[in-house]
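So you can see what is in the structure, the chains are spelled out below.
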Amino acid sequence: MTVATKARALLSEARVQIRFATDQLVAATVAGDHDVYEVRWDSFSARWECSCPELRGRCSHVEAVKQVTCSAGRVAR
Ligand SMILES: [Zn+2]
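From a predicted model like this one, the values you see are computed outputs, not experimental measurements. (Residues numbered from 1 in each chain as written. Predicted model: local features only at pLDDT ≥ 70, side-chain atom pairs only at ≥ 80, totals over all residues.)

Trainee: Honestly, the pairing of strand β4 (residues 47-50) in this entry has me stumped. Any pointers?
Mentor: Note on strand geometry: in a regular strand, side chains alternate between the two faces of the sheet. Covered by surrounding structure in β4 are W48 and C50 only, the residues R47 and E49 on the alternate face being uncovered. Direction of pairing for strand β3 (residues 36-42) relative to β4: antiparallel, over a ladder of 4 bridges. Bridging from a neighbouring strand, V39 pairs with C50 of β4. What sits between the antiparallel neighbours β3 and β4 is a turn of 4 residues, in which A46 has the positive phi angle 50°. (Buried ≥ 20, exposed ≤ 12 C-beta atoms within 10 Å, placed from the backbone. Helix = DSSP H or I, 4+ residues; strand = E, 2+ residues; numbered from the N terminus. Pairing = 2+ DSSP bridges.)

Trainee: What should I look at first to understand the nonpolar core in this one?
Mentor: One recurring pattern in soluble globular proteins is that nonpolar side chains are buried together. Of all hydrophobic cores here, the largest spans 15 residues; its most connected members are V30, V39 and V65. Broken down by secondary-structure element, the contributors of at least two residues to this core are α1 (3-12), β2 (25-31), β3, β4 and α2 (60-70). The residues contacting V65, other than those within four sequence positions of it, are V16, V26, A28, V30 and V39. (Core = buried A, V, L, I, M, F, W, Y, C linked by C-beta atoms within 7 Å. Contact = placed C-beta atoms within 7 Å.)

Trainee: Honestly, the sheet that holds β3 in this entry has me stumped. Any pointers?
Mentor: Pairing between the strands of a sheet is mediated by backbone hydrogen bonds and can be parallel or antiparallel. Pairing is antiparallel across the open sheet formed by 4 strands, whose spatial order is β1-β2-β3-β4. For this open sheet the edge positions go to β1 (16-21) and β4, each flanked by a neighbour on one side alone. Going from strand to strand, the sheet's axes swing by 15° on average, the running direction of each strand aside. For β2 and β3, the ladder comprises 7 bridges, and the chain directions are antiparallel. By the bridge assignment for β3, L25 is matched with D42. (Axes fitted to C-alpha atoms, helices over the stretch in contact; angles between N-to-C directions.)

Trainee: Quick question: what am I supposed to make of the environment of V26 here?
Mentor: You can see V26 is positioned in strand β2. Considered as a pair, V26 and V65 are 39 residues apart in the sequence and their alpha carbons are 8.7 Å apart.

What follows is the structure, given as structure tokens:
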């Protein structure tokens, strides 16, 4: 399963909770298979981070949050 496919599954199963989303900061929690992970992005570092053990910024949790927050056209990365 690719990261994008897994991200869509997380979204369709309503496992993604956006806590905060502005053009300065995005904070969300994602209920993964084994644990609940914190995903965040801020305009200072301009980088996506996730608390899961996968490689930073390449996991399905970040991808899922990106898909819903970037669709608003605010966060481009
Ligand atoms: Zn993750």
